[in-house]
Amino acid sequence: DPANQSLEVANAVWKWARLLNVAELDSTRSSMHFRALWLGEFFPRLRITLHAWLHQANSPETFAEIEIWYKGWKSYFTDNVAAMHKEDKSSSKTRSNSVAERTKRIMMQLVDEEFTQWLQMIAAKMTGTDALKKLTPPDPDSCSYDRSLRQLQHLARIAQDSLH
């Protein structure tokens, strides 16, 4: 139910990110942990919820609720990433703005990729075919902060090796 969601945990994560100045850090530090938290714990659960909801959706009213839910979460993440980087840019003293801008682009890309997957699920349902059945939600047992962090660290090592 879009009107009955608690954002307490999500808001606490954004506060944590601001305290750690995540926007100013490169991919080997706290920003990687921040992304792993969203990728491993938060986004998969939202995707699972959306997938289940779409399987039950049969009325225009339900699709309207899904649209509100989608737009609300998309705005929530986009606004928080932008606000975090705006605050950090105005208070930046030690790190270059290019690092903060690169981190912002990475985080916005992460948000865009996630919400593109959501749109694919919604579009699959709206086609009226069995396309949604082909799009499986993430397995809750395979989604975790630790797994996402290991994947991000591996990708960072590959990127670092390619620079040399």
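Below is a short write-up of the structure.

Rules used throughout
Residues numbered from 1 in each chain as written. Predicted model: local features only at pLDDT ≥ 70, side-chain atom pairs only at ≥ 80, totals over all residues. Heavy atoms only, no water. Helix = DSSP H or I, 4+ residues; strand = E, 2+ residues; numbered from the N terminus. Polar contact = N/O pair within 3.5 Å; in protein donor to acceptor, adjacent residues only side chain to side chain. Contact = heavy atoms within 4.5 Å. Expected span 1.5 Å × (residues − 1). Buried < 20%, exposed > 50% of the residue type's maximum accessible area, 1.4 Å probe, protein only. Arc of directions from axis to C-beta. Core = buried A, V, L, I, M, F, W, Y, C linked by side-chain atoms within 4.5 Å. Salt bridge = Lys/Arg side-chain N within 4 Å of Asp/Glu carboxyl O.

What about the environment of I66?
Inference 1: One can find I66 in helix α3 (residues 60–91).
Inference 2: Sequence separation between I66 and L54 is 12 residues; the distance between their C-alpha atoms is 8.2 Å.

Observations concerning the side chain of K125
Inference 1: Take K125: it is sitting in helix α4 (residues 97–126).
Inference 2: A polar atom in the side chain of K125 sits 3.1 Å from the backbone oxygen of L54.
Inference 3: With residues near it in sequence (within four places) discarded, K125 still touches L54, H55, A57, N58, F63 and L132.

Description of helix α1 (residues 8–19)
At 3.6 residues per turn, the α-helix brings residues three or four places apart onto the same side.
Inference 1: In this model α1 runs 17 Å from its N-terminal to its C-terminal C-alpha over 12 residues, within 8% of the 16 Å that 1.5 Å per residue would give.
Inference 2: Of all the positions in α1, only A10, V13, W14 and A17 are classed as buried. The buried residues of α1 all sit within an arc of 100° when viewed along its axis, so they share a single face. Seen from the open side of α1, the exposed residues pointing more than 90 degrees away from its buried face are E8, V9, K15 and L19.

Remarks on helix α6 (residues 145–163)
Inference 1: The end-to-end C-alpha distance of α6 is 27 Å, a good match for the 27 Å that 19 residues give at a rise of 1.5 Å each.
Inference 2: Every buried residue of α6 is accounted for by S148, L149, L152 and A156. The arc that holds the buried residues of α6, viewed along the axis, is 100°, so those residues lie on one side. Facing away from the buried side of α6 by over 90 degrees, the exposed positions are R150, D161 and S162.

Regarding the nonpolar core
Note on soluble globular proteins: their nonpolar side chains tend to be buried together.
Inference 1: Counting 31 residues, the largest nonpolar core has W14, W38, W73 and F77 as its most contacted members.
Inference 2: Looking at this core element by element, the count peaks at nine residues for α4.
Inference 3: The contact partners of W73, leaving out residues within four places of it in the chain, are Q5, L7, F42, L46, F115 and W118.
Inference 4: Counting residues in hydrophobic clusters, the runner-up holds five residues, among them M32, L149, L152 and A156.

Quick word on the pattern of salt bridges
Inference 1: In the structure shown here, the tally under the stated rule is four salt bridges.
Inference 2: For the salt bridge of R45 with E41, the shortest nitrogen-to-oxygen distance reads 3.4 Å. A residue pair is termed a helical-turn pair when its members lie 3 or 4 positions apart in one helix, as R45 and E41 do in helix α2 (residues 30–56) at four residues.
Inference 3: A relative accessible area of 25% means that E41 is categorised as partly exposed.
Inference 4: Note that K71 is salt-bridged to E67, the shortest N-O span being 2.7 Å.

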